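Architecture and fold: a report
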Amino acid sequence: MATFLVVAVFIAFIALIFTGGYNSDFLDRARKTKIWDWITTVDHKKIGILYIASGGLFFIFAGVEAALMRIQLLFPNFDFIGGATFNQLLTMHGTTMIFLVAMPVLIGFMNVVVPLQIGARDVAFPFLNALGFWLFFAGALLFHCSILFGGMPDSGWTSYVPISLNDYSQGPGVDYYTVGLQIAGLGTIAGAVNFLVTIINMRAPGMTLLRMPMFTWTTLVTSALLIFAIPPLTVALFLLMFDRLFGGNFFNVAAGGDVVIWQHLFWIFGHPEVYIVILPAFGMISEVISTFSKKRLFGYTSMVFATVLIGFVGFMVWAHHMFTVGLGPMANSIFAVATMTVAVPTGIKVFNWLFTMWGGRLKFTTAMIWAVAFIPTFVMGGVTGVMLGTAPADYQFHDTYFVVAHFHYVLIGGTVFGIFAAIYYWWPKMFGRKLNEKIGKWHFWPFFIGFHLTFFPQHFLGLFGMPRRVFTYESTPMVDMINFISTIGVIGMTIGSLAFFYNIYVTTRYGQLAEADPWDGRTLEWSIPSPPPNYNFAQIPLVRGLDAFWLEKMAGKKEMIPSEPLQPIHMPSSSHIQLIISLGFFMSGFGFVFRGFELGALGLAIAFFGMFMRSFDKDRGYYIPKEELENVEKGA
Amino acid sequence: MSVEIEKNLKLSVAPEMPAHLETSTLEGRNKILGLWFFLGAEVVMFACMFGVYLALRNSTAGGPTTQDLYEIPLVAIMTTILLVSSLTSVLGIHEMRKGNFRGVQLWFGVTVLLGAAFLSLEIYEFFHYVDMGHTFTSSAFGTAFYTLVGTHGAHVLFGVLWISGLLYNTRKEGLTDFTAPKFYVASLYWHFIDVVWVFIFTVVYLMGMVG
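Residues numbered from 1 in each chain as written. Chains lettered and ligands numbered in written order. Predicted model: local features only at pLDDT ≥ 70, side-chain atom pairs only at ≥ 80, totals over all residues. Heavy atoms only, no water.

Focus: the packing of aromatic side chains
A ring pair, where both rings are aromatic, is described by two values, the distance of the centres and the angle of the planes. Residues and elements named next belong to chain B. So the rule is basically this: Pairing of aromatic rings covers Phe, Tyr and the six-membered ring of Trp, with a centre-to-centre limit of 6.5 Å; geometry is then stacked below 30 degrees between planes, edge-to-face above 60, and tilted otherwise. For helices the rule is a DSSP run of H or I covering at least 4 residues; for strands it is a run of E covering at least 2, with both sets numbered from the N terminus onward. Per-residue accessibility, obtained with a 1.4 Å probe over protein chains only, is compared with the maximum for each type, and a residue is labelled buried under 20%, exposed over 50%, and partly exposed between these values.
Going through the model one piece at a time under the given rule, you end up with 85 aromatic pairs over all chains. Relative to Phe141, the ring of Tyr53 has its centre 6.2 Å away and its plane inclined at 50°; by these criteria the two rings are tilted. Of this pair, Tyr53 sits in helix H2 (residues 26-56) while Phe141 sits in helix H6 (residues 140-169), placing them 88 residues apart in sequence. Here the two residues Tyr53 and Phe141 agree in accessibility, since each one is buried. Ring centres of Tyr129 and Phe145 lie 5.6 Å apart, and the angle between their planes is 70°; on these two criteria the pair is classed as edge-to-face. You can see Tyr129 sitting in helix H5 (residues 101-131) and its partner Phe145 sitting in helix H6, a full 16 residues away along the chain. Comparing Tyr129 with Phe145 shows no difference in burial state: the two are buried.

Quick word on the domain arrangement of chain A
Convention followed: The domain boundaries here were taken from an automatic or database domain assignment.
Split into domains, chain A comes out as domain 1 (1-32), domain 2 (40-224 + 532-636) and domain 3 (270-519). A straight line from the C-alpha centre of domain 1 of chain A to that of domain 2 of chain A covers 27 Å.

Description of the confidence of the model for chain B
In low-pLDDT regions, the fine details of the predicted coordinates are not to be read closely. Residues and elements named next belong to chain B. Rule in force here: For every residue, the pLDDT score states the predictor's confidence, bounded by 0 at the bottom and 100 at the top.
In this model, chain B carries a mean pLDDT of 91, and residues with pLDDT of at least 70 account for 93%. Ranking the elements of chain B by mean pLDDT puts helix H1 (residues 2-10) last, at 70, and H5 first, at 96. Confidence estimates for the predicted assembly give a pTM of 0.94 and an ipTM of 0.92.

Remarks on unusual backbone geometry
Residues and elements named next belong to chain A. In the segment running from Val161 into Pro162, the intervening peptide bond is cis, with an omega of 0°. Summarising the element assignment, Pro162 is placed in the loop between helix H6 (126-145) and helix H7 (173-201). In this chain, Ser530 is followed by Pro531 through a cis amide linkage whose omega measures -15°. Position of Pro531 relative to the elements: it lies in the loop between helix H17 (477-510) and helix H18 (548-554). With a phi close to 45°, Ser159 is a non-glycine residue in the positive phi region. Tracing the chain through its elements places Ser159 in the loop between H6 and H7.

Digging into the environment of Glu598(A)
Considering the arrangement of structural elements, one finds Glu598(A) in helix H20 (residues 597-616). Put simply, Glu598(A) and Ser588(A) are ten residues apart on the chain and 8.8 Å apart in space, counted from C-alpha to C-alpha.

Here's the deal with the side chain of Thr188(A)
Residue and element names in this part refer to chain A. Convention followed: Two residues qualify as a contact provided that any one of their heavy atoms is within 4.5 Å of a heavy atom in the partner residue.
You can see Thr188 is positioned in helix H7. On the basis of relative accessibility, which here comes to 10%, the residue Thr188 falls in the buried class. Sequence-distant contacts of Thr188, defined by excluding residues within four places in its chain, comprise Met103, Ile107, Leu226 and Ile230.

Take a look at the structure:
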């Protein structure tokens, strides 16, 4: 902690010297910089990009962690990083990939795309949106401070008690986990409330619920899931924090506590979480497949129904993670049947995608390749999911590499492939340049082959009985070879990922400029310039059906019919208060992690002070005058 | 063609709201709907804490049990105070509908005072229990009790600060389409706290008397 303070003060000092910070107009100059513009922005498109960029940053961290673990497992009894570090990397990899990569990238796309798809000028609460991002970032940063100060958490991303209690996990690692995730979770709740209200209240005239694009629908359902799934996690983390920091007895069996409570609360969150990270990917895939098949999404209404059903049933299956706890045959049977029920709406979706492509005019752009690769890969993950949901068989699969293989098939084959498809699809809209298609293929093929090479053999590893989360194994003929192959596959994924980052660099420097509608798209976001102006729509469009923009194009028009005359547009002002609130929570978190309760209280006081500051804020935004809009629209 | 446009323009996007000041702007409607969703999240949070409490309430580890501790008269007074404070916030909203800002200030002021009275009684109650050997660290029951009831108390405290801040903040501006939604969502939040307390009174205290 002392090291941290010294370093922080030193950095601040250097920064002051180099910026000439002692003179009074420093703040004025800072306000004019691009960085200030980005960190105080309340524009949903910029916030979305911030989410996606930070997700990308943490993707690198978690990817390196995974590679290190695979190297450790390359040979039997290999001594590369050792057991203690392995446990830490394992925890960091899982937690980071779920909370700090998958969720922020998906929420980032929701931010960028949803207001454009429903014909809105911004989200319902622009300030809250910015606050949500910065809270997420503060939590993520705090969590990653564990690498430098005091050691990483080491009890797995599920952090089961009692191994995550003080007796078994000493040091501040698990405290970083509990506090960091709580702060990030606050931000997620803010984001979810925001999307729900935006989609319900702010759709363009004519856009009824069953005319909303599929990605908007999945965002709506996902946000509802977030609202109801994050609080159980918050409570679970609360309880664990109280036990670790304040001597609580929730999980202390000697004082009457119960360790199974943690498992219930964690999975009541944890299973809906699985759908939280897959449903938006379903939405992305639906948009991409429909666009590049030049067809309306097959079975749109059943797709909506399936999405809602998955979200609903998703709350009734959590105990399938706990079949071996001993809840009894009755509970196990009910949860097993409920689990298999989920396969029905998911199957509906898979067939709808196939039938959308059937007879379509297919165009295999990189986005489409990712989307098509998604289907068989995700189906394999789904099949092993049903196998795991069979309670008697689960006694064999539980806590083996079979589970590892299963959830990597759904999380990489599902979520990550979906995200990559979405990145290639919406990149032109976000940045005004098309990602390079040729390098895109170099991204896809090594990653795809490497992924299957790594995770397909792990099914057999699990069936042979290799438990997950072990840092080494005894030499056994097949097990040695499969582990070796599995690690080789990582090379493919690494090459693919490097090609992707190289693609971003090349595109940003030399990429071809994208027109407003580079893919001949179907939804409203393609009817405005790339990148869109900060007010999105000069005139809110009128929606006459599903695939609104496509309908107008088929009717021989180039633009949407406006639903209102050109008039001054109200815009929210930038704000720095969300930074104060997030900084307060960050400080407070640091205080609690290091048992410095004074600092913890001070941080909370700063955060609440920030909230009251915001409440007292008299700034109610500004108007873009009509003349300016006319000029811009003429130029476009 | 133009008939079709007319028809699409008329397709109602958001449900019709009664013509009240707090729902007269999109921002106001957004705020109210947003708070409802936030309360949805809060319901789940409290539900989890109730579940934990019910699982652990008999794990007293040799310390005082629920029957030894709870005294219904005190808790009944607290309940009455909080229920009345909910009523006064309704009266505040009623005055808001009539456009009488003085009335709003009066009734929300009374709400804040009642909330503070409730908090003082709760603090007294907690001190009393600690004297009887029922503390946060004494048993799993103690931890669960203080977490559930304490979280509710923290919500009351936040509500008291929120409404006080709101009264101070709006003292010059009065009732506008900007401040009216703020009062409305504050009163919604206050009702929610009240509802949670009704459950605490039933599940924790009344059920605690019968063991």
